[in-house]
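Architecture and fold: a report
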Amino acid sequence: TALRTILATTDNVIGGTRAGLPATLQVFAVRGVNVTDCDSADLTPELIEYDNRGFNTTFGDVVDLPATLVEYRNEGLNTVGGNVSDLPAILQSLTATGMTTITGDVINLPSALETLNVGGLNTISGDYANIPATASFIAATGSNTLSGDLADLPAVAEFVNLIGASSASYTPGRDWSSLQRLLRFTGTGTALSSGEVDSLLIDLAATVGVPTSEQVIDLRGGNGARTTASDAAVVTLQTAGWSVFTN
């Protein structure tokens, strides 16, 4: 029977390259102390899920990823680069941290992307309004420079973590997801004014649900200090179980 799945979830120490993986492989998931390394071009042509965490040193360009890839998660000492416009068109989940140097504009991300989790040395840019409408998990750290109005984030966005070099503004009136879990903006670019912080808190208090676990709103960093205008909103959020952090 052709091998289709490699799954190692303990303290494995898999070494070597992956150029010799079987061509039929569809799932490669190694989550331990692995020390594998390879070129992205060596991944198998039928691969659907690639999940590699540890001390790996994957390199190459995203243009060489298999067109069949739906989930791509690469954490460690990897140095994968390339432009987001060259990611597989059907990709639904992108996690790239470590020493990655992925570039490009979010408008060119795969249209069905649900998870955008980029850290490291990447320099992704673009307007929040152009993030795929399907993205419910958005985490952009590192050297990225996203910008725009937070009110234009995808309506389904439940997890928003923007702590890199990003900028933001906020226009009142957004209906935030009742499933909201995290909203953090502490970017080092253009920050929110005190009035925008107040408006954001008021809108969140009016629309988010009661958290099923600890949920966080974090608007510290270079943002303006909130004023008494948002006192009632903060009380509402905290009473519902939210942790609220502002200047």
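Whatever comes next refers back to the structure up there.
Residues numbered from 1 in each chain as written. Predicted model: local features only at pLDDT ≥ 70, side-chain atom pairs only at ≥ 80, totals over all residues. Heavy atoms only, no water.

A word on the overall build of the protein chain. Scanning the protein chain for helices and strands turns up 2 helices and 16 strands. Relative to its full complement of 247 residues, the protein chain shows a buried share of 46%. Contacts spanning at least 24 positions in sequence make up 26% of the contacts within the protein chain whose residues lie at least 6 apart. For the protein chain, the accessible surface area stands at approximately 10,100 Å², while carbon and sulfur atoms represent 54% of it. (Helix = DSSP H or I, 4+ residues; strand = E, 2+ residues; numbered from the N terminus. Buried < 20%, exposed > 50% of the residue type's maximum accessible area, 1.4 Å probe, protein only. Contact = heavy atoms within 4.5 Å. Areas by Shrake-Rupley, 256 points an atom, 1.4 Å probe, with all protein chains shown as cover.)

Once that is clear, we can look at the sheet that holds strand 12 (residues 145–147). With parallel pairing, the 4 strands of this open sheet are ordered in space as 6-8-10-12. Edge positions in the open sheet fall to strand 6 (81–83) and strand 12, since each of these has one partner strand only. Ignoring strand direction, the axes of neighbouring strands in this sheet form an average angle of 10 degrees. Across 3 bridges, strand 6 lies against strand 8 (residues 101–105) in parallel orientation. (Pairing = 2+ DSSP bridges. Axes fitted to C-alpha atoms, helices over the stretch in contact; angles between N-to-C directions.)

Burial along strand 5 (residues 71–74) is one-sided: the residues Y72 and N74 are buried and none of E71 and R73 is. In this sheet, strand 7 (residues 93–96) lies alongside strand 5 in parallel orientation, the contact comprising 4 bridges. Bridging across to strand 7, E71 finds its partner in S93.

Applying the stated criterion across every chain yields a total of 3 salt bridges. One salt bridge connects R184 with D218, and the closest N-O pair in it is separated by 3.1 Å. Here R184 is found in strand 14 (residues 182–185), whereas its partner D218 is found in strand 15 (residues 215–219), with 34 residues between them in sequence. Among the ionic pairs, D218 bridges to R220, the shortest N-O distance being 2.9 Å. (Salt bridge = Lys/Arg side-chain N within 4 Å of Asp/Glu carboxyl O.)

Moving on: helix 1 (residues 194–207). Its 14 residues give helix 1 an end-to-end C-alpha distance of 20 Å, which sits within 8% of 20 Å, the value for a rise of 1.5 Å per residue. Considered for burial, the residues of helix 1 that qualify are E196, V197, D198, S199, L200, L201, D203 and L204. If you follow the buried residues of helix 1, they end up packed against strand 14, strand 15, helix 2 (231–240) and strand 16 (242–246). (Expected span 1.5 Å × (residues − 1).)

Once that is clear, we can look at the side chain of Q215. Examined against the element boundaries, Q215 turns out to sit in strand 15. Of the polar contacts made by the side chain of Q215, one reaches the backbone oxygen of Q180; its length is 3.0 Å. Those residues in contact with Q215 that sit more than four places away from it in its chain are Q180, R181, G241, W242 and S243. (Polar contact = N/O pair within 3.5 Å; in protein donor to acceptor, adjacent residues only side chain to side chain.)

Residues that lie three or four places apart on an α-helix share one face, since the helix turns once every 3.6 residues. Turning to helix 2, its buried residues are A233, V234 and L237. For helix 2, the buried positions fall inside an angular range of 95 degrees around the axis, keeping them on one side. The outward face of helix 2, more than 90 degrees from its buried face, is lined by the exposed residues A232 and T239. Buried residues along helix 2 sit in contact with helix 1, strand 15 and strand 16. Immediately beyond the C-terminal end of helix 2, within one or two residues, lies G241, with a positive phi of roughly 110 degrees. (Arc of directions from axis to C-beta.)

So, about the side chain of S166. With respect to the helices and strands, S166 occurs in the loop between strand 13 (159–162) and strand 14. Residue S166 is classed as buried on the basis of its relative accessible area, which comes to 0%. Polar side-chain contacts of S166 include one of 2.9 Å to the side chain of N144. A distance of 3.2 Å separates a polar atom in the side chain of S166 from the backbone nitrogen of L146. Residues in contact with S166, not counting those within four places in the same chain, are Y128, N144, T145, L146, F185, G187, T188, G189 and T190.

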